[in-house]
Amino acid sequence: MLRGGLGSRSCRRGGGGLWRSPCPAAAAGGASSRSLGALRAASASPSNGGGARSGGAPPAGASNVKPLDGVKILDLTRVLAGPFATMNLGDLGAEVIKVERPGAGDDTRAWGPPFAGTESVYFLSVNRNKKSIAINMKDSKGAKLIRELAAVSDVFVENYVPGKLTEMGLGYEDIKKIAPHIVYCSITGYGQTGPMVQRGGYDSIAAAVSGLMHITGHEDGEPVRPGVAMTDLATGLYTSGAIMAGLLQRYKTGKGLHIDCNLLSSQVACLTHIAANYLNCKIEAKRWGTAHGSIVPYQAFKTKDGYIVVGAGNDQQFVTVCKILNLPEVSKDSRYKTNTLRVQNRKELIDILSNRFSEKATIEWLQLFEGSGVPYGPINNMQQVFSDPQPCTSRRH
């Protein structure tokens, strides 16, 4: 499963590049095992792109250098939050070495259909820009190889239940002894302390416990799981940002650190104003469907042939919406003059607007809203998303 050499850190004297860490000269026996040597050989020389930058002036062709070029990440994560985080770091130029179980590999390799050939599309969606190696970490030789790889890496990312890797001699304190420069990141369901730390963490469970499902769904309907694993994805984004901050801190202090990311804390942090409403005003949250609890109108409206989402974030935008809908009398109605009043009189106003939106096809409304300054858009299916010129225009080149 190895897809290329891992590379080794350049140990030149002098310089002080942002991503350079102390040279792990004697760590893990100098990382001298024959197997590790074979893994490193393909990119051991700077000309092959391996090794951390030794600082100073940017190299020739610096315009093509990615932000994390030279950063080596040992990725022990599985499923979604961790792989999504390391994939984003790989997109920014980091060299990511993904460690998987011999035989089965990452659980998501079996998640399908659909499959692209023999590979799970789910697995492929969060594991681009990575090299893969199978290591049995429960075996002492496998654990030794992990330590040797950690000694020549900048970042170590794992998502095991707290204490599991420590049992194998691969916990933070263990790795810190052989790689004091390491930015070690643990991703868990519930953190490193507290009564729930030994529970496994899956997105839907954390979404339920964190209250996300409580606020998601139709106003009078059952709790709903979001269409994608938002808790996992949010945790992955927090993780990638924390790792980059950790690399900056190491640059300043010369020391590594342990980062703790978890699904529950990440999702609770993402509750933002919903959490603030409760903590400051003791207002219990509820489900609003596509609508917003504090802004009216800001929701999907059914058209003749589909849906359009319109948001009036201020009073002037509301006046513009009424003008486009040819409802000037509504914008002048004292019940709808301000957003606070529109929230208080939500039902009556939404009924009026819904009736008008149902009179035309989606494309007609899109044309009328074009250039109005009011935020709007259709509810697209996947075919429409990926045939829309905007995502294709704004993608990275």
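Note that the coordinates shown come from a computational prediction; the quantities given were computed from them, not determined experimentally.

Cut-offs used in this document
- Each chain has its residues counted from 1, running along the sequence as written.
- Residue-level local features of this predicted model are given only where pLDDT is at least 70; pairs of side-chain atoms are given and counted only at 80 or more, and the full residue set underlies all totals for whole chains, interfaces and linings.
- As a convention, hydrogens and water are excluded, and side-chain values are obtained from all of the structure's heavy atoms.
- Secondary structure counts use DSSP, requiring at least four H or I residues in a row for a helix and at least two E residues in a row for a strand, with both numbered from the N terminus.
- By this rule, a helix spans an expected 1.5 Å times one less than how many residues it contains.
- The buried label applies to any residue whose accessible area, calculated with a 1.4 Å probe on protein chains only, is under 20% of its type's maximum; exposed applies above 50%, and partly exposed to all values in between.
- In this description, contact between two residues means that some pair of their heavy atoms is separated by no more than 4.5 Å.
- In short, DSSP must find at least two bridges between two strands for them to pair.
- Interaxial angles span 0 to 180 degrees and are taken between N-to-C directions of axes, which are lines fitted to C-alpha atoms, for helices over the stretch in contact.
- Here the aromatic set is Phe, Tyr and Trp, taking the six-membered ring for Trp, and pairing holds for ring centres within 6.5 Å; pairs whose planes are under 30 degrees apart are stacked, those over 60 apart are edge-to-face, and all others are tilted.
- Under the rule applied, a polar contact is a pair of N or O atoms within 3.5 Å (in protein, one hydrogen donor and one hydrogen acceptor; residues adjacent in sequence only if both atoms are side-chain atoms).
- Angle categories are assigned with fixed cut-offs, so that under 35 degrees is roughly parallel, over 145 is roughly antiparallel, 65 to 115 is roughly perpendicular, and the rest are oblique.
- Two helices cross in a left-handed way if the nearer one is turned anticlockwise from the farther one by less than a right angle. They cross in a right-handed way if the turn is clockwise.

Examining helix α9 (residues 230-253)
Now for step 1: Given a rise of 1.5 Å per residue, 24 residues ought to cover 34 Å, and the 34 Å separating the end C-alpha atoms of α9 matches this to within 8%.
Now for step 2: Taken together, the buried positions of α9 are Thr-231, Asp-232, Leu-233, Ala-234, Thr-235, Gly-236, Thr-239, Ser-240, Ile-243, Gly-246, Leu-247 and Arg-250.
Now for step 3: Packed against the buried residues of α9 are α3 (81-91), β6 (155-158), β7 (183-188), α8 (203-209), β8 (257-262) and α10 (263-269).
Now for step 4: Where α9 terminates, the next one or two residues include Gly-254, which has phi positive at roughly 80 degrees.

Structural notes on the sheet that holds strand β9 (residues 298-302)
Remark on secondary structure: sheet strands pair via backbone hydrogen bonds, oriented parallel or antiparallel.
Now for step 1: Here we have three strands laid out as an open sheet, ordered β9-β10-β11, and antiparallel in their pairing. The sheet terminates laterally at β9 and β11 (376-378), the two strands that pair on one side only. Strand after strand, the sheet turns through a mean of 20 degrees between neighbouring axes, direction not considered.

Looking at the packing of aromatic side chains
Where two aromatic rings form a pair, the distance of their centres and the angle of their planes describe that pair.
Now for step 1: All told, the structure shown has seven aromatic pairs when counted by the stated rule.
Now for step 2: Relative to Tyr-122, the ring of Trp-111 has its centre 5.0 Å away and its plane inclined at 70 degrees; by these criteria the two rings are edge-to-face. Here Tyr-122 lies in helix α4 (residues 121-125) and Trp-111 lies in the loop between β2 (95-100) and β3 (115-116), a separation of eleven residues in the sequence.
Now for step 3: You can call Tyr-122 partly exposed: its relative accessible area is 30%.

Quick notes on the environment of Glu-95
Now for step 1: Along the chain, Glu-95 falls in strand β2.
Now for step 2: With a relative accessible area of 16%, Glu-95 lands in the buried category.
Now for step 3: Sequence separation of Glu-95 and Gly-70 is 25 residues, and the distance between their C-alpha atoms is 7.2 Å.
Now for step 4: Looking at Glu-95, its side chain comes within polar contact range of the side chain of Lys-131, at 2.6 Å.

Details of the packing of α3 against α9
When two helices pack together, their arrangement is captured by the angle between the axes and the distance separating the axes.
Now for step 1: The N-to-C vectors of α3 and α9 enclose an angle of 45 degrees; their axes lie 8 Å apart at closest approach. Classified by the angle their axes make, α3 and α9 are oblique. Seen from above, α3 lies across α9 with right-handed handedness. For the pair α3 and α9, the contacting residues are Ala-81, Phe-84, Ala-85, Asn-88 and Leu-89 in the first and Asp-232, Leu-233, Thr-235, Gly-236, Leu-237, Thr-239, Ser-240, Ile-243 and Met-244 in the second.

Structural notes on the sheet that holds strand β5 (residues 130-134)
Now for step 1: The strand order across the open sheet formed by six strands is β5-β2-β1-β6-β7-β8, and the pairing between neighbours is parallel. Where the open sheet ends on each side, the last strands, each with one partner, are β5 and β8. Pairs of neighbouring strands in the sheet enclose a mean axial angle of 20 degrees, with direction left out of account.
Now for step 2: The pairing of strand β1 (residues 72-75) with β6 spans three bridges and is classified as parallel. Opposite Ile-73, over in β6, you have Val-155 as the bridge partner.
Now for step 3: Where α9 meets the sheet, it contacts β6, β7 and β8, and its direction lies at approximately 160 degrees from that of β7.

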